[in-house]
Amino acid sequence: MSEPKTLFDKLWERHIVRPETEEAPAIVYIDMHLIHEVTSPQAFQVLKDRGLTVRRPDRTFATLDHSTPTLPPGPDGALPYATEAAAEQVDTLVKNCAAQGITLFGLDDPRRGIVHVIGPELGLTQPGKTIVCGDSHTSTHGAFGAFAFGIGTTEVGHVLATQCLLLRKPKTMRITFEGALAPGVSAKDMALAAIARIGADAGQGKAIEFAGPAVRALSMEGRMTLCNMSIEAGARVGLVAPDETTLAYLRGRDYAPKDADWDAAAADWMSLPTDDGVAFDEEVAIDAASIAPMATFGTSPDAAAPVDGAAPADGGRADDAALAYMRIDRGQAFQEVEVNRVFIGSCTNSRLEDLRAAAQVLRGRKVSDNVIALVVPGSEAVRRDAEAEGLHQVFEAAGAEWRLPGCSMCIAMNGDKGEAGELVVSTSNRNFVGRQGAGVRTVLASPATAAAAAVAGRLVDPRPYLREA
Amino acid sequence: MQAMSKITTRTVVLENENVDTDQIIPARFLTTTSRAGLGAHAFADWRYEDDGALKADSLFREDARDDFGVLVAGHNFGCGSSREHAPWALLDFGFRAVISTKIADIFTGNALKNGLVPVEVDAATHADLMEQPGVELTIDLEAMRVTTPNGGVDAPFRLEPFARRCLLDGVDPLGAILARDADIAAYEAVHG
């Protein structure tokens, strides 16, 4: 009997081109490289300067998401870019992909969307793969049992040129969610509860595997939300072992294996889960039934608490400066916190299931007169599916705006942003100072909680809204 | 990247913990296709008034950037986004090293590849340095120690050995992968 291995060990071992030594990191093969307009231009420039070409254009896929407008073209047919630089950045990726033979899901492509939404949606993201992107939320793809992580632009260049990276093997952490979630509680709440428990730096140098019955019970969308937020605990890698839910999601998707190849792949993928009796470097157990809908109250994602309560009397993980910025007092009940804007979208929570949850709250209700609400689907496919179900009509009837796909207000670099001083309840991943616009105060929450905040104009527990719907 | 073995410079102290890369360079400056000139936007929201004038009470030494080349920051520096624009901006501003009790993984990797030295020290050393803004110190990549000339601070630190070798030799790590082309081709022959 061979040594029991973790899912991560198995993924690591499969991709070693050269093993690590004391002096040198391992050379690790990358099965799929996703690129977008913001973190790739300087990498392509390095290739040009050094006379190198892209080693595996067939393993490289590009999309446009960060700088792209979510408003439709104007009367002149031109997209309303925030700046000329943004338009030029988009154009640069289009040209680089054409020159190097890389598949680009471009502005007119029905497959375009946020990089971490379309990879899974197209079946490009598969168990057992190594996947990188110049974007920290690449951890999202770990939901399929892939070794997926964000890299910087120099490393984007390394992968373009060699399809490899120099890596040290990270340590492992397992977070086990025992029991079952209560109704109205989502994967986003699990993520915020876990980060609040362990801290924003606890995952550094580690690959986190999410396990336990409450994780097994999640849809792929929920698992993606959970793995997406791994980086907010400091971990580049988040993982969920593949199972029947994973197979059911992938079967029949564009890039998924077909016929006999599918059977072989599926059998292989089912051998990936962590073996019994294996020791992780660190173990954390969380009672899923104890998790309530969460909201953040500080300027780091670990400053989170149940939204039906109050900010911690001792400030919790928010210091005086963070609380002052948020204009939230120690011990203040969340229902006293007034909301100015709501953003439902981002690679964390912009998939069909997320939009359905928001729509369940908003159906037959009105967004508060004091709130501007924006709903931004994660991809063209999500947009089509949502519109086929009439979700856009639910949002628009409630008084929310229904936009075109993109990263939008999560990173606020395409012109979608809040105004100084506004409080934004956002389904995105970062409540950093100024992230959603200079002086904007961000509260992170689930789609249902964000939708309830839009209706109430305050931070409220979404569960009564879900029950009455 | 230039070879380096020792950095002697003075400190700028940022007491904040969890300084994320959105603070180091806000996302609105990421629409560039170049890596040059980003120092103008380093800590933009901390350095500039709304009208674009430099803040009078800024922590940053605009007049003597090259003399104050190490940032001493609170725990978990560089967390958040993977944007390499963050170390590009710090280097272009004049910083050559960052000292904290913890520096985020992706930021650390990005910094090392550009010659910005990420130095993690123990809590007591960190507390000492936080109390002495502007102190001159030396980061020695041969001895792997941070010292102040008055002898008040003399602490070890670690760097990943290969990354350290690249800094000492001024060598780009891409060459190390390109040199293994045969191994990569062999892997591809088996795995497709």
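Since this is a predicted model, take the numbers as computed values, not measurements.

Colleague: Go over unusual backbone geometry, please, and point to the residues and values.
Modeller: Even without being a glycine, A:D259 presents a positive backbone phi close to 55°. At B:N18, a position not held by glycine, the phi torsion is positive, near 55°. Of note, B:N18 is situated in the loop between β1 (6-14) and α1 (21-24).

Colleague: Could you give an account of the pattern of salt bridges, with specific residues and numbers?
Modeller: It is possible for side chains bearing opposite charge to pair when their charged atoms get close. Taken as a whole and judged by the stated rule, the model has 43 salt bridges over all chains. As a salt-bridge pair, A:R330 and A:D320 come within 2.3 Å of each other at their nearest N and O atoms. In this pair, A:R330 is assigned in the loop between α11 (320-326) and β15 (341-344) and A:D320 in helix α11, connecting sequence segments 10 residues apart. Taking relative accessible area as the criterion, A:R330 reaches 41% and is therefore assigned partly exposed. A residue is classified by how much of its surface remains accessible, and A:D320, at 52% relative accessible area, is exposed. With a shortest N-O distance of 3.9 Å, B:K6 and B:D140 are connected by a salt bridge. Placement of the pair is B:K6 in strand β1 and B:D140 in strand β5 (residues 136-140), with a sequence separation of 134 residues. B:K6 sits in the exposed class, given a relative accessible area of 52%. Given the relative accessible area of 15%, B:D140 is considered buried. Through salt bridges with shared partners, a single network forms among A:R55, A:R56, A:D58, B:D181 and B:E188.

Colleague: Explain the pairing of strand β18 (residues 423-426) of chain A to me, using residue names and the numbers behind them.
Modeller: Side chains on a regular strand alternate between the two faces of the sheet. All names here are of chain A. Neither face of β18 is open: one carries L423 and V425, the other V424 and S426, and all of them are buried. When β15 meets β18, the two strands line up parallel, connected through 3 bridges. Opposite V342, over in β18, you have V425 as the bridge partner. Here β18 pairs with strand β19 (residues 441-444) via 4 bridges, running parallel. The residue of β19 that forms the bridge with V424 is T442.

Colleague: Got a sec to walk through the side chain of A:S346? Specific residues and values, please.
Modeller: By the element assignment, A:S346 lies in the loop between β15 and α12 (352-362). Ignoring anything within four residues of it in the chain, the contact list for A:S346 reads A:I114, A:C410, A:T427, A:S428 and A:N429.

Colleague: Explain the interface of chain B and chain A residue by residue, including any values.
Modeller: Across the contact, 47 residues belong to chain B and 58 residues belong to chain A. Scanning the region where chain B abuts chain A turns up 9 salt bridges. For the pair chain B and chain A, the interface holds 25 residue pairs in polar contact (both at pLDDT 80 or more). Taken together, the elements giving at least two residues each to the side of chain B that touches chain A come down to α1, α3 (85-93), α4 (105-114), α6 (161-169), α7 (174-178) and α8 (181-191) of chain B. Here the side of chain B that touches chain A gets 7 residues from one element, more than from any other, and that element is α8(B). Partitioning the side of chain B that touches chain A into residue classes produces 16 nonpolar, 17 polar and 14 charged.

Here is what the cut-offs are and how they apply
The written sequence of each chain sets the order in which its residues are numbered from 1. Each chain gets a letter, beginning with A, and each ligand a number, beginning with 1, in the order they are written. This being a predicted model, a pLDDT of at least 70 is required before a residue's local features are given, and a value of 80 or more before pairs of side-chain atoms are given or counted; all residues contribute to the totals for chains, interfaces and linings. Where side-chain values are given, they derive from all heavy atoms of the structure, hydrogens and water being excluded. Here a strand is any run of E in DSSP of at least two residues, a helix any run of H or I of at least four, and the numbering for each starts at the N terminus. Salt bridge, as used here: a side-chain nitrogen of Lys or Arg that lies within 4 Å of a carboxyl oxygen of Asp or Glu. Only protein chains enter the accessibility calculation, which uses a 1.4 Å probe; a residue whose area is less than 20% of its type maximum is buried, one above 50% is exposed, and one in between is partly exposed. Strand pairing requires that DSSP identify at least two bridges connecting the strands. By definition in these notes, contact holds between two residues if any of their heavy atoms fall within 4.5 Å. Polar contact criterion, stated in full: a pair of N or O atoms within 3.5 Å, where within protein one must be able to donate a hydrogen and the other to accept it, and residues adjacent in sequence count only if both atoms are side-chain atoms. Following the grouping adopted for this structure description, the nonpolar residues are Ala, Val, Leu, Ile, Met, Phe, Trp, Tyr, Cys and Pro, the charged ones are Asp, Glu, Lys and Arg, and the polar ones are all others, Gly among them.

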